[in-house]
Amino acid sequence: MDWRQLWEICSAPDNVPIVGLIPLLCFYIYLAWKQAHANDQLIAQLEGDAALAKTHHRKTWPFKPGWQKEVHVWPFLLRIEFLAAIIVTIILMVWSITLNAPLEEPANPNLTMNPAKAPWYFLGLQEMLVYFDPWIAGVVMPTMIIVGLMVIPYIDTNPLGSGYYTWKQRKFSIGTFLFGFIILWVAMIIIGTFIRGPGWQWFWPGQTWDHNRLIYEVNRDLPDIFGITSNMAKALFGAIVVGGYYLLGGFLVYSLFRRYMAKDFKRMSLLQFSITQFLLLTMVALPLKMGLRLLWHIKYVWITPWFNV
Amino acid sequence: MADENNGKNGKVGLVDRVKDDIQAMKVDIPAKAKEQIEGLKDPTKTQVYTSIFRHKHDDTPRNRALGVLSNVFLHLHPAKINRDAVRYSYTWGMGGITFFLFIILTYTGVLLMFYYHPSKVQAFRDVLYLEHDVPFGKILRNMHRWAAHLMVIGVWLHMFRVFLTGSYKKPREFNWNIGVLLLVFTLLLSFTGYLLPDDQLGFWAVTVGTNMARATPLLGHEGPFGSMLGMTPYNDVRFGLLGGSIVDANALLRSYIWHCIGIPIVASILMIVHFWRVRKDGGISGPAPVMLEAEADKQRRGPKAAGE
Ligand code: HEM
């Protein structure tokens, strides 16, 4: 156990935000879960009691007749904003006094930094470079993330859970978002920051960064395993595999939706549903491809003269 | 002299006039002074004061409302809001904190600009100078750096809470989209700033980052179909981003301009739209009354339904 190495990584000034992000995320997930849980209980109670549902004010916060429904922004909101501003300023001041922003040697194109890391918030994408070619990891994925986020309001047709925390009414959408945000984004950043060392190799926390370590890894391509050699056949084979994944996967998504999310499925138009299918399958493809690589050393699935997937 | 002339030419004496004036002054000025002092006892009655503040400040509901509505900055807010909407546990205050960090960044950023030249010769030295010679230069730079990191975290948490509360649902779909753009621009702001110290850290981070642009399908020289379309290192998107085929002087200048002018302007405009839409979409989405399964398909949502 190399504590010094561990300390160096955790205390590198630009890594401190991530060290802070983890407890912050835990806290806010807890805060959201607590409210979701309380709301879900209330919902269950009201679902079972039609009379109460008519009279209850439908929040978990107390409300008594005679209380005003609205409060003045001045002072009730502004004092909170003021307090928040002061607290943020204090935190920032203390942080700035105790920890200096990093400054390395002057830029030198002839002296490669090893590991050369992108800023921490892009490390998830850099981690994807291990499993995908740059045109996918660096261009297609960010584009899909942005477009995917933007279409969320238009493909989530579930009218429940608007304006309050809940889990039971939105299991699928919240589950999907948590998977995307926590597993595919934050966890990849954590790996990129704390685990990846020189040569972008995997070093467990506390393992010394060995700059001379070499890993002999023989990667194969999926067509090789099936003994396909000609370029034409490889391209065709890959297209079939990838196309088949989306077709079969699409069918699977359909049959799951039809059975377990019948109401949502009924509300969705064909366009909404196919976009959902596509985005969902693409998201799931990431861990699948990672698995192929980590478990069977498979580098490419689809090889063409122009691009590889 | 004046005395001698007096009376001789029948001029009504200058001296008399002066005396008269002095007499009058003895009464006028103390009276005015008294008035002035009386006036100062209640500064809220002065013209300067009333020209600035357009309403009284006694604690009445009307004045509380006017305090918000007659102030250009505060009138982003409505005069009154739902009693539960002020609960910290609902919004986590993250949108507001993100915005506050943006203001801090603008402030410290402008100060940093006084000491920084975006050229290969000076950039790195300017940062050294800031760290060691400029009074408070070090804390200025630190604050700018850490506020930027905090802002990135703040945007993520804000998006997370907006998602978890389903606040992107009707009628807030469009504002969610503005938000996604703000997310992208926040990251780009941070990224373009990374290169500016012109040190190894920034240089290699931006090299890694922009190398991906080489691989852009169609538009990058190493991307799928790129070379077929005539892309080379000297005319593809990466060249356009960097103003060259490597991260060098032009890239530094471009980063600087995007970082200090281009993106902040776009982001500010988007923030204005974002805040405006929060109001127009009926204010903060909740905490709204919970909806039951049976009511799901009865459309009862409009901008107004959100409040209660
Ligand atoms: C520079 C970045 C941003 C700033 C300064 C900002 C600011 C704000 C503020 C002050 C609010 C009021 C409520 C609150 O504080 O939670 C708000 C609401 C909202 N924001 Fe943002 N925001 C930003 C980015 C985003 C992002 C990335 C998204 C989503 C992808 C987003 C989506 C929304 C939506 C949908 C609302 C309405 C929420 C509701 O009614 O409950 N914003 N934003």
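Since the model is a prediction, treat every value here as computed from it, not as a measurement.

Moving on: the overall build of chain A. The secondary structure content of chain A amounts to twelve helices and one strand. In sequence order, the secondary structure elements of chain A are arranged as α-α-α-β-α-α-α-α-α-α-α-α-α. Viewed in the frame of its principal axes, chain A has a C-alpha envelope of about 75 × 55 × 30 Å. Evaluated residue by residue, chain A yields a buried proportion of 45% over its 309 residues. For chain A, the distance from the average site of its 24 positive side-chain charges to the average site of its 18 negative ones is 13 Å.

This part takes up helix 10 (residues 200–214) of chain B. One full turn of an α-helix is made of 3.6 residues, so residues set three or four places apart face in the same direction. Given a rise of 1.5 Å per residue, 15 residues ought to cover 21 Å, and the 21 Å separating the end C-alpha atoms of helix 10 of chain B matches this to within 8%. In terms of burial, helix 10 of chain B is largely enclosed, as twelve of its 15 residues are buried. Within the sequence span of helix 10 of chain B, burial applies to Gln200(B), Leu201(B), Gly202(B), Phe203(B), Trp204(B), Ala205(B), Val206(B), Thr207(B), Val208(B), Thr210(B), Met212(B) and Ala213(B). Against the buried residues of helix 10 of chain B lie helix 6 (123–128) and helix 7 (134–155) of chain A together with helix 8 (137–164), helix 9 (173–194) and helix 11 (237–242) of chain B.

Split into domains, chain B comes out as domain 1 (13–75) and domain 2 (90–195 + 247–285 + 301–306). On a C-alpha basis, the centroid separation for the pair domain 1 of chain B and domain 2 of chain B is 43 Å.

Turning our eyes to something else, we now look at the site of the ligand. Residues and elements named next belong to chain B. The local shell around the ligand holds 26 residues, among which His158, Arg161, Gly179, His274 and Ser285 are the closest. Contact between the ligand and Gly96: an oxygen atom at 3.5 Å from a main-chain N or O atom of the residue. Interatomic distance of 3.0 Å between a side-chain N/O atom of Arg172 and an oxygen atom of the ligand. Taken together, the elements giving at least two residues each to the shell around the ligand come down to helix 6 (94–113), helix 8, helix 9 and helix 12 (249–280). In the shell around the ligand, the residues fall into 13 nonpolar, eleven polar and two charged.

This brings us to the interface of chain B and chain A. Counting from both sides, the interface comprises 95 residues of chain B and, opposite them, 102 residues of chain A. Summing the contributions of chain B and of chain A, the shared interface buries around 9600 Å²; its carbon and sulfur component is 71%. If you look at where chain B meets chain A, you find five salt bridges. Close ionic contact of Glu295(B) with Arg58(A) constitutes a salt bridge, the shortest N to O distance being 2.8 Å. Where chain B meets chain A, there are 47 residue pairs in polar contact (both at pLDDT 80 or more). Listing elements by their share of the side of chain B that touches chain A, those giving two or more residues are helix 4 (61–69), strand 1 (80–82), helix 5 (88–91), helix 6, helix 7 (123–132), helix 8, helix 9 and helix 10 of chain B. Top contributing element to the side of chain B that touches chain A by residue count: helix 8 of chain B, with 19 residues. When grouped by side-chain class, the residues that make up the side of chain B that touches chain A number 61 nonpolar, 13 polar and 21 charged. Inspection of the sheet shows strand 1 (residues 70–72) of chain A paired to strand 1 of chain B by three bridges, in the antiparallel sense. By the bridge assignment for strand 1 of chain B, His72(A) is matched with Lys80(B).

Conventions adopted
Residues numbered from 1 in each chain as written. Chains lettered and ligands numbered in written order. Predicted model: local features only at pLDDT ≥ 70, side-chain atom pairs only at ≥ 80, totals over all residues. Heavy atoms only, no water. Helix = DSSP H or I, 4+ residues; strand = E, 2+ residues; numbered from the N terminus. Buried < 20%, exposed > 50% of the residue type's maximum accessible area, 1.4 Å probe, protein only. Lys, Arg positive; Asp, Glu negative; His and termini not counted. Charge placed at Lys NZ, Arg CZ, Asp CG, Glu CD. Expected span 1.5 Å × (residues − 1). Contact = heavy atoms within 4.5 Å. Domains from an automatic or database assignment. Near = heavy atom within 4 Å. Polar contact = N/O pair within 3.5 Å; in protein donor to acceptor, adjacent residues only side chain to side chain. Nonpolar A, V, L, I, M, F, W, Y, C, P; charged D, E, K, R; others polar. Buried area = accessible area lost by both parts, 1.4 Å probe. Salt bridge = Lys/Arg side-chain N within 4 Å of Asp/Glu carboxyl O. Pairing = 2+ DSSP bridges.

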